[in-house]
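Examining the three-dimensional arrangement
If you want the building blocks of each chain, they are given just below.
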Amino acid sequence: TNTTNDKRALVIDPKYTFSPSIALAEDTVLFEYDPYVTITADNASFSSEITFSGYLAYNWFLWKLEALYFDIDAGFKADLGLTADVKASYETAFSYAPASLYYGVSVPGVLELGPMLQFSVGTEIGVSAAAQLSTAFEVALANGNVHLDVLDSKKTGVSGWTPTYSAGADINGQVQAYLNPSASLTVEIAAKAFGGLIDLSTGLTAKPGFDNSFTLTGGVGVDLGGLKNITNGAGCTQGLQLNSNFTFALDAFATQWYSATLYEVEVPLLDKCYSWA
């Protein structure tokens, strides 16, 4: 970090590279509302390699931000497997986040400066009757890049955010249901002075997920198994109607100055009736 000697200005030009990994213990209970529902992470892990560089200029005399831009180069892999045991009709949404990882320098009440990483998993679930649902997915990204200019949005751009993924879903019980798991990664450069009186923190959040809806009219579960063929029958009176989409969004933020979705995509994976009539 470079800082000018001019007492009226703060100029920093940081660069960090770090490779964090996070994993939850197997069968971690993420959400429980007794006696209606228990949602367990069969497995949840995240690994990445991130390089952050940027430039910040702040005029203390004018209390004015004069320049703030940064680049993030990121590759990551996330694996998530969830099981939901539902005893009755129920609907909820939740997220679970381990403690954030902070790699910078902190002087309590005076200065906090450095990169911070937050990984979280979550799901939306709705079930019309007792059932057990499970879903698993794997998402990987090799070479995502973001250039974010807070003061000149025309210079902001993204490239390489094309994830690869595989997914599966399973259900039993004669129900209508949806189960939409997601995982999110937030990479932030924390820049706070005087206990947060001045907050120049900037970062982005990548959020991959899957939307799965089921209508099960028979008593047998069917595994999606990563199928990619897309068909659509006229009806599904005896069997399983399954719809699945992959979603991905990339959001950027810079405290009170900037908040925007830089990239988003929704890809249909499956619209199919599995019938045993």
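This part takes up the pairing of strand β11 (residues 131-149). In the sheet, strand β6 (residues 64-86) pairs with β11 via 17 bridges, with the strands oriented antiparallel. Bridge pairing in β11 places phenylalanine 76 opposite leucine 141. As judged from the 9 bridges shared by β11 and strand β13 (residues 164-172), these two strands associate in the antiparallel manner. Counterpart to alanine 136 in the pairing with β13 is glycine 168. Pairing of β11 with strand β12 (residues 157-159) involves 3 bridges; the strand directions are antiparallel. Paired with histidine 147 across the bridge in β12 is glycine 157.

Once that is clear, we can look at the packing of aromatic side chains. Overall, the coordinates contain 14 aromatic pairs when judged by the stated rule. Residues phenylalanine 31 and phenylalanine 94 carry aromatic rings whose centres are separated by 5.2 Å and whose planes lie at 20° to one another, so their mutual orientation is stacked. With a gap of 63 residues between them, phenylalanine 31 in strand β4 (residues 28-33) and phenylalanine 94 in strand β7 (residues 90-96) connect regions that are remote in the sequence. The residues phenylalanine 31 and phenylalanine 94 share a single accessibility class, namely buried. With 5.7 Å between their ring centres and 15° between their planes, tyrosine 33 and tyrosine 36 make a pair best called stacked. A relative accessible area of 36% means that tyrosine 36 is categorised as partly exposed. Ring-pair connections join several aromatic residues into one group, and the members of that group are Phe137, Tyr165, Phe210 and Phe246.

Summary statistics for the protein chain give a mean pLDDT of 77 and a share of 82% for residues scoring 70 or more. Within the protein chain, no element has a lower average pLDDT than strand β9 (residues 105-107), which sits at 66, and none a higher one than β4, at 89. Below pLDDT 50 for its whole length, residues 1-5 participates in 12 contacts with residues either more than four positions away or in separate chains. Below pLDDT 50 for its whole length, residues 219-234 participates in 40 contacts with residues either more than four positions away or in separate chains.

Let us now look at the nonpolar core. Nonpolar side chains tend toward joint burial in soluble globular proteins. Core analysis: the largest hydrophobic core is formed by 70 residues, its most contacted members being Ile72, Phe76, Val86, Val127, Leu133, Trp161 and Phe214. Among the elements that make up this core, the one with the highest residue count is β6 (11 residues).

With that settled, consider the side chain of aspartate 149. Assignment of secondary structure puts aspartate 149 in strand β11. At 4.8 Å, lysine 155 is the nearest oppositely charged side chain to aspartate 149, a buried residue that forms no salt bridge. For aspartate 149, the side chain forms a polar contact with the main-chain nitrogen of aspartate 152, separated by 2.9 Å. Residues contacting aspartate 149, with those up to four places away along its chain left out, are Leu68, Tyr69, Lys155 and Thr156.

A few words now on the environment of valine 175. Note that valine 175 resides in the loop between β13 and β14 (176-193). As a C-alpha pair, valine 175 and serine 89 span 86 residues in sequence and 9.2 Å in three-dimensional space.

Here is what the cut-offs are and how they apply
- Residues numbered from 1 in each chain as written.
- Predicted model: local features only at pLDDT ≥ 70, side-chain atom pairs only at ≥ 80, totals over all residues.
- Heavy atoms only, no water.
- Pairing = 2+ DSSP bridges.
- Helix = DSSP H or I, 4+ residues; strand = E, 2+ residues; numbered from the N terminus.
- Phe/Tyr/Trp six-rings, centres within 6.5 Å; stacked < 30°, edge-to-face > 60°.
- Buried < 20%, exposed > 50% of the residue type's maximum accessible area, 1.4 Å probe, protein only.
- pLDDT = per-residue confidence, 0-100.
- Contact = heavy atoms within 4.5 Å.
- Core = buried A, V, L, I, M, F, W, Y, C linked by side-chain atoms within 4.5 Å.
- Lys, Arg positive; Asp, Glu negative; His and termini not counted.
- Salt bridge = Lys/Arg side-chain N within 4 Å of Asp/Glu carboxyl O.
- Polar contact = N/O pair within 3.5 Å; in protein donor to acceptor, adjacent residues only side chain to side chain.

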